[in-house]
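So you can see what is in the structure, the chains are spelled out below.
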Amino acid sequence: GDTGDNMRMTIESGIAAIENLDSDDIAEVMKVFSHGMLLGARGNSGVILSQFFAGVSKGLKSSKKADPTEFGNALKKGVEQAYISVMTPTEGTILTVAREAVEYAVSRITPKSTIRSLFSDLVKEMHASLDRTPEILKVLKEAGVVDSGGAGLFYIMDGLNRVLNGEEIVDSTPVLVS
C-alpha cells in the first residue's frame, strides 16, 4: 500500500544520509539519519517517524557515547516530539508502538544496563505493541493487519538492534546503486 512505500522512501532517505558517515558517534548518526528522513518524509507515518528520530537526536545533543539512561531520555523526547507533530494523535498507530516500547525499555534500565540491552527491550516490546495495534484500531482489525507505520518503526529499530549486535542485515529488497 501507499503507507509502505511512503515509509520505505522516508527510511531510505535516512539511510542514504548515514551511508557515507564515518562516525560511531550515536548523536551524530541520529542527527544525520533524522535529517535525511525529514527531507524524504512522505505521508503521515513518514512525518511522525522522522519527528520521532528528530526528537531522539535532539535529546542526545552532544553525548559522544550515550549511556542507557541518556539514550532512554532521548527516546522519550522522540516520543514527545512524535505526538506533538500531529494535530490529533491516534492510538493504535506508530505513536502507540513508539510510546509503549520506550516506556517499557526505560522502565527496565538498571545500573547494569547497556545500550544493547536497552535496544533489545525496546525491539521486543515494539513487536508486542505492534501485535496489539488491531485491538486498539478497529479499521486494522477489520483489515486483518497491524499498523504499517508501527511496522516501519519496528523494522528500523530491529535493523539498528542487529547492527548493534554485529549481525549482518540480510535485505531482500534490491539495493539501488546511485
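The residue numbering used here restarts from 1 in each chain and proceeds along that chain's sequence as written. This being a predicted model, a pLDDT of at least 70 is required before a residue's local features are given, and a value of 80 or more before pairs of side-chain atoms are given or counted; all residues contribute to the totals for chains, interfaces and linings. The side-chain figures draw on all heavy atoms in the structure; neither hydrogens nor water molecules are used.

Before we go on, may I ask you to explain the nonpolar core in this structure?
Across soluble globular proteins, nonpolar side chains show a tendency to be buried alongside one another. Counting residues in hydrophobic clusters, the biggest one holds 33 residues, and the most contacted among them are Phe52, Phe71, Leu75, Leu122, Met126, Leu153 and Met157. Helix numbers and strand numbers start at the N terminus; a helix is a DSSP run of H or I with at least 4 residues, a strand a run of E with at least 2. Listing elements by their share of this core, those giving two or more residues are α3 (43–60), α4 (68–84), α5 (94–107), α6 (115–136) and α8 (148–164). The contact definition used throughout considers only heavy atoms, calling two residues in contact when any of these lie within 4.5 Å. Sequence-distant contacts of Leu75, that is, excluding residues within four places in its chain, are made with Phe52, Val56, Val102, Leu118, Leu122 and Met157. Residues grouped as a nonpolar core are buried Ala, Val, Leu, Ile, Met, Phe, Trp, Tyr and Cys residues, joined through side-chain atoms within 4.5 Å. Only protein chains enter the area calculation, which uses a 1.4 Å probe; residues under 20% of their type maximum are buried, those over 50% are exposed, and those in between are partly exposed.

When you look at the packing of α4 against α6 in this model, what are you seeing that I'm missing?
To characterise two packed helices, one gives the angle between the axes of the helices and the distance between these axes. Only the stretch in contact is used when fitting a helix axis, every axis being a line fitted to C-alpha atoms; angles between N-to-C directions are given from 0 to 180 degrees. Following both chains from N to C, one finds α4 and α6 inclined at 35 degrees, their axes separated by 9 Å at the closest point. The hand of the α4/α6 crossing is right-handed. Judged by residue contacts, Pro68, Phe71, Gly72 and Leu75 of α4 engage Ile115, Leu118, Phe119 and Leu122 from α6. Handedness of a crossing is defined here by the sense of rotation of the near helix relative to the far one, left-handed for an anticlockwise turn of less than a right angle and right-handed for a clockwise turn.

Help me understand α8, please; the structure alone is not making it clear to me.
Because the α-helix completes a turn every 3.6 residues, residues three or four places apart line up on one side. Taking 1.5 Å per residue, 17 residues should reach 24 Å; α8 reaches 24 Å between its end C-alpha atoms and fits that length. Pairing of N or O atoms within 3.5 Å defines a polar contact, subject to two protein rules: one partner must be a possible hydrogen donor and the other a possible acceptor, and residues neighboring in sequence count only if both atoms are side-chain atoms. Capping the start of α8, Asp147 holds a side-chain oxygen 3.2 Å from the backbone nitrogen of Gly149, two or three residues further along. Here a helix's expected span is defined as the number of its residues, less one, multiplied by 1.5 Å.

Read these as spatial facts, not as claims about activity.
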